[in-house]
Amino acid sequence: MSDQHEPTRPEPTREEQLRAQLEDAPTIPVSELKGRTRRSFLTGAAGAGVAFLGWRWIQDSPVDDGIPQPLRNTLEFNEQVWSNLSEGRSAPEFPVSKATPIQVNGRIGIRNEIELADWTVRVEGPDGELLDELDISAFEALPQRDMIIEHKCIEGWSSIVHWGGTRFSDFHARYADQVGDVPYVGFETPDGLYYVGWDMSSAMHPQTMLALRQGTEPLTQEHGAPLRLATPNKYGIKCLKRIGVIRYARERPADYWAERSYDWYAGL
Amino acid sequence: MSIDTTEPETPPDVAATTSDERVARLVHPRAIRWLHWINFPLLMIMIWSGLRIYWAEDVYALGIGSWQWFAFFPDAVYETLDLERRLARGMAFHFAFGWLFVINGAIYGIYLLATREWRHILPDRHAAKEAKDVVLHDLHLKKEMPPQGKYNAAQRISYTAVLVMALIIVVSGFAIYKPTQLYPLPLLFGGYQGARLVHFWMTIGLGLFFLVHVLQVLRAGWGNFRSMVTGYVIERRSPTAPGNETISAPSVPETETHDAPIGGSA
């Protein structure tokens, strides 16, 4: 090695600079590569085998409400993560000018028209006891508000809707002493064909509304007249139309779409 | 040794006798190899389950105004890949494997930063011109490859683009997944529907990258593929070996760490 003084060391060429980037990477004799190649491919094959077994394990697991148990467990894990994070968070609200008509998507439980004058809602406690049977005037008497929010369908579309009605929390205040700290509340259509379950903290969110109006007009029957749920914080599948029963519960209430493979929480 | 395409100009029997002039250099660290191969099935599962979700509201198309040139996706695609009426299962898989995809990607990102491995990937100021030369070379319109380090300029640009797209797809994904809890994150994309659109196009982008990547790996041959499994590529000799003053020896193209076939292999 001649380490003589070089008075003018030339600038490294581009190629030299690029090569220098790899200089600190270790080398081995080529003769060792064959064994390493074998080991690496065997390791890779073992890894692929483990991945395949994991995949089969998920696919072959017992089904819980339409999806394999590990996936159902993960949805519930996600619910834990996000329901803890969500404390105090609210969705944006929009000016009235942004509101648009909303498409009619689900008709389960509201296929037949009802006589609105005969409609009542049953309010039931956690032991099945009847707390109240209310007509629409009871909801009109509660504090009214307007809410222009983005309604999000689980299918992927969304639209900005102007809802008018009362907060669920204002309705609940009438029964809070009677029912105590119940963790859940369920809602059903009068015919019982469509039903959703809510956790109490989602229901008590200030943007969870028992809606009576779309815009300034009373709800049409296809949008859930005379009373429906509305929120920007859960998918539309949770926004039951034509509420016939409000039932407080100690256990998770049945939920139509959760029984059909969907997430029970469905929170945004 | 087995077929060694790292030096296609040298027949295998000669290669064996001259192996003392060559070394195997570790170009892909173990962590990167594991993260790369774990990412592969995770990305496939995310795209597959994501398309099951997209099916339920498949509104995007290429076209002008009401004229659609190509609507995503033709029915044949949905039927072939079993994507129809699987929204709930698609969501369950997407929101389970999404965690693994994000964790794997986060470890990769931290690794790149901590080891300064990113220097091999980020394009430098010569990248645009050199990438053009790489493409011309790959199209057999130009004989020489431009000089390169671990990756050629076209690779640097496309790998960087993939990392950017991966970051955008994760952030836009979270914006769709939890638009309230993560508000105002959706505003980055112009709102909830904007985030959905961006998420979709990033999927298309990653899908296209995947196709080109596989094609280039097939073209580059065994030595390149093996390097992503073993970590090693064969090169003529170590640039740090004694007597290496004549550093201009054409050893870099023979590392063949670029996806494209090296000069003279055509």
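Below, the structure is looked at part by part. Note that this is a predicted model, so its numbers are computed, not measured. (Residues numbered from 1 in each chain as written. Chains lettered and ligands numbered in written order. Predicted model: local features only at pLDDT ≥ 70, side-chain atom pairs only at ≥ 80, totals over all residues.)

On to the environment of Val198(B), then. Residue and element names in this part refer to chain B. Relative to the helices and strands, valine 198 resides in helix α7 (residues 192-220). Considered as a pair, valine 198 and tryptophan 37 are 161 residues apart in the sequence and their alpha carbons are 26 Å apart. In this structure, valine 198 is in contact with Ile168, Ser172 and Phe189, ignoring residues within four places of it in sequence. (Helix = DSSP H or I, 4+ residues; strand = E, 2+ residues; numbered from the N terminus. Contact = placed C-beta atoms within 7 Å.)

Once that is clear, we can look at the sheet that holds strand β8 (residues 184-188) of chain A. All names here are of chain A. A sheet is described by the order of its strands in space; here five strands give the open sequence β5-β4-β13-β8-β9, paired in mixed fashion. Among the strands making up the open sheet, the edge pair consists of β5 (130-134) and β9 (195-199). Shown here is a sheet whose adjacent strand axes are inclined to one another by a mean of 15 degrees, direction ignored. Bridge count between strand β4 (residues 121-124) and β5: four bridges; the pairing is antiparallel. In the sheet register, valine 121 faces β5, and the bridge partner there is leucine 134. (Pairing = 2+ DSSP bridges. Axes fitted to C-alpha atoms, helices over the stretch in contact; angles between N-to-C directions.)

This brings us to the environment of Ala127(B). All names here are of chain B. Counting through the fold element by element, alanine 127 comes out in helix α5 (residues 127-138). Taking the C-beta count within 10 Å as the criterion, alanine 127 has 19 such neighbours and is therefore assigned partly exposed. Sequence separation between alanine 127 and asparagine 152 is 25 residues, and the spatial gap between their C-alpha atoms is 8.4 Å. Each residue touching alanine 127, except ones within four places of it in the same chain, is listed here: Ala153, Arg156 and Ile157. (Buried ≥ 20, exposed ≤ 12 C-beta atoms within 10 Å, placed from the backbone.)

Further remarks concern the nonpolar core. If you look at the biggest cluster of nonpolar residues, it comprises 74 residues, and the most contacted ones within it are Leu210(A) and Ala92(B). Setting aside its immediate chain neighbours within four residues, Leu210(A) contacts Phe139(A), Gly165(A), Thr166(A), Phe168(A), Phe171(A), Leu227(A) and Leu229(A). In terms of nonpolar packing, the next biggest core, distinct from the first, is built from nine residues, Ala24(B), Val27(B), Tyr232(B) and Val233(B) among them. (Core = buried A, V, L, I, M, F, W, Y, C linked by C-beta atoms within 7 Å.)

Once that is clear, we can look at the sheet that holds strand β4 (residues 232-235) of chain B. Pairing is antiparallel in the open sheet, where three strands are placed in the order β1(A)-β1(B)-β4(B). Two strands in the sheet have a free side with no partner beyond their single neighbour: β1 (27-29) of chain A together with β4 of chain B. Strand-to-strand twist across the sheet, computed as the mean angle between neighbouring axes with direction ignored, equals 35 degrees. Alignment of strand β1 (residues 23-26) of chain B against β4(B), held across four bridges, turns out to be antiparallel. Bridging from a neighbouring strand, Val23(B) pairs with Glu235(B) of β4(B).

This next bit is on the pairing of strand β10 (residues 209-214) of chain A. Residues and elements named next belong to chain A. Buried residues dominate β10, accounting for five of its six residues. Pairing of strand β7 (residues 158-167) with β10 involves five bridges; the strand directions are antiparallel. When the bridges of β10 are listed, glycine 164 appears paired with arginine 213. Pairing analysis gives two bridges linking β10 to strand β11 (residues 217-218), with the strands arranged antiparallel. Across the sheet, the residue bridging to arginine 213 is proline 218, located in β11. Counting the residues between successive antiparallel strands, the hairpin from β10 to β11 contains two residues, one of them, glycine 215, with a positive phi of roughly 65 degrees.

In this assembly, 51 residues from chain A lie in contact with 47 residues from chain B. For the side of chain A that touches chain B, the leading source of residues is helix α2 (residues 33-60) of chain A, giving nine residues. By residue class, the composition of the side of chain A that touches chain B is 22 nonpolar, 16 polar and 13 charged. As judged from the three bridges shared by β1(A) and β1(B), these two strands associate in the antiparallel manner. Among the inter-strand pairings, Ile28(A) is bridged to a residue of β1(B), identified as Ala24(B). (Nonpolar A, V, L, I, M, F, W, Y, C, P; charged D, E, K, R; others polar.)

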